[in-house]
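# Commentary on secondary and tertiary structure
The primary structure of each chain is shown beneath.
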Amino acid sequence: MISYTERISLLMQDVVRRTPSLSFIRLPEILVFGRFGRSDAEGPFATCHCLTLPTSEPGYYFWKDRATGQMTRQSEWFITKSPTVRVGPTQIKYLISFVLPRFCDQSLERSRKAHHYPGAPNWVGKLDTIVHELYHIDPSQAGLRRVKCADGSDSERSHGPHFYEDVARMVKSYLASRPDPSLVGFLEHDFQTLTDHFGGVVGTTFRNFPSFPQRYMEALEMPASDPLVRIERLKRATQPELYTEDDLHVRQFAESSTRRLTRKGQHRAA
Ligand SMILES: [Zn+2]
């Protein structure tokens, strides 16, 4: 079977090596993983999630009486934190997720980036997505380039006016450097072709799939801002504060489902 996330990681190494404006990126601190998304459904192809944002200041939610404007209830105080992801001794600073099988089946012609690549084959759209996500990594490694990432979502406004052009320029100069076909060739195939050819498409996922490390709220023991106001308890976070290599699973992706693969000799978990 083909490990799609591994192939993308290897390709990223070559892209970073040959692209001066991305050479600051330390790839061991970046983890590529798979999320599930059907090819025929709308949604992103990939997302860059940053884990380096500092813990927020304490805050709370509140409710007001519509007539009097008086606060009637407040939530517990909380802070918002990023989970820690560690692989061996390395602390991961960014996660880049690829949505499978949708990413494999993306079409350049019908996309808004098509005009940057006149006459280019379809698979160049996938290379564009990979470079795009790398370009979100801020040179100061302090967040996402030109974005404050609250939930890791990739809104239109997270891209400056030249973002798409810069990406297209990097993609073209990478292709002009004549990369090894054994590194980029897998992008030429759609999902069905890969599945037929390799007997399956697998990718790294997290133990709590379809979830993955995301910012979470932690309640604080602090008094109400007004002693007469009722305090609502927050829902407790259900995701871990720390992920390690033991939380990485391999899943096989199909058109409309995924299943976990267990290695020989590994205990079978539910
Ligand atoms: Zn983006």
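Rules and cut-offs
- Residues numbered from 1 in each chain as written.
- Predicted model: local features only at pLDDT ≥ 70, side-chain atom pairs only at ≥ 80, totals over all residues.
- Heavy atoms only, no water.
- Axes fitted to C-alpha atoms, helices over the stretch in contact; angles between N-to-C directions.
- Helix = DSSP H or I, 4+ residues; strand = E, 2+ residues; numbered from the N terminus.
- Parallel < 35°, antiparallel > 145°, perpendicular 65-115°, else oblique.
- Left-handed = near helix turned anticlockwise from the far one by under 90°.
- Contact = heavy atoms within 4.5 Å.
- Nonpolar A, V, L, I, M, F, W, Y, C, P; charged D, E, K, R; others polar.
- Pairing = 2+ DSSP bridges.
- Core = buried A, V, L, I, M, F, W, Y, C linked by side-chain atoms within 4.5 Å.
- Buried < 20%, exposed > 50% of the residue type's maximum accessible area, 1.4 Å probe, protein only.
- Phe/Tyr/Trp six-rings, centres within 6.5 Å; stacked < 30°, edge-to-face > 60°.

Working note: a packed helix pair is described by the angle between its axes plus the distance between those axes. At a minimum axis distance of 9 Å, the contact between helix 2 (residues 124–135) and helix 3 (residues 163–176) shows a crossing angle of 120 degrees. It follows that helix 2 is oblique to helix 3 by the angle criterion. Once helix 2 is placed against helix 3, the crossing between them reads as right-handed. Here Val124, Leu127, Asp128, Val131, His132 and Tyr135 of helix 2 lie close against helix 3, whose contacting residues are Phe163, Tyr164, Asp166, Val167, Ala168, Met170, Val171, Tyr174 and Leu175. A per-class count over the contact of helix 2 with helix 3 returns twelve nonpolar, one polar and two charged.

All right, on to the pairing of strand 14 (residues 248–253) then. The two faces of the sheet receive side chains in turn, since in a regular strand these alternate between them. When strand 10 (residues 201–206) meets strand 14, the two strands line up antiparallel, connected through six bridges. Bridge pairing links Thr204 to Val250 in strand 14. Alignment of strand 14 against strand 15 (residues 258–261), held across four bridges, turns out to be antiparallel. Residue pairing for strand 15: Phe253 is matched across the bridge by Thr258. Connecting the antiparallel pair strand 14 and strand 15 is a turn made up of four residues.

The subject of this paragraph is the sheet that holds strand 2 (residues 30–37). If you trace the three strands from one edge of the open sheet to the other, you get 2-9-3, paired in mixed fashion. Because the sheet does not close on itself, it has two edges, and the strands there are strand 2 and strand 3 (46–50). Sheet twist, expressed as the mean angle between neighbouring strand axes with direction ignored, is 25 degrees. Relative to strand 9 (residues 94–101), strand 3 is paired through five bridges, and the arrangement is antiparallel. Paired with His49 across the strands is Leu95, a residue of strand 9.

Glancing now at the nonpolar core. In this structure, Tyr4 and Leu134 are the most contacted members of the largest nonpolar core, which totals 46 residues. Beyond its immediate sequence surroundings of up to four residues, Tyr4 is in contact with Leu100, Phe103, Cys104, Lys126, Phe186, Leu187, Leu194, Val201 and Val202.

Looking now at the packing of aromatic side chains. In this structure the tally under the stated criterion is twelve aromatic pairs. Ring geometry for Tyr135 versus Phe163: centroids 4.9 Å apart, planes at 50 degrees, classification tilted. Of this pair, Tyr135 sits in helix 2 while Phe163 sits in helix 3; the two residues are 28 residues apart in sequence, bridging distant segments of the chain. Pair check on accessibility: Tyr135 and Phe163 agree, each one buried. Centroid distance Phe209 to Phe253: 6.4 Å. Interplanar angle 80 degrees. Geometry classified as edge-to-face. Here Phe209 is found in the loop between strand 10 and strand 11 (216–220), whereas its partner Phe253 is found in strand 14, with 44 residues between them in sequence.

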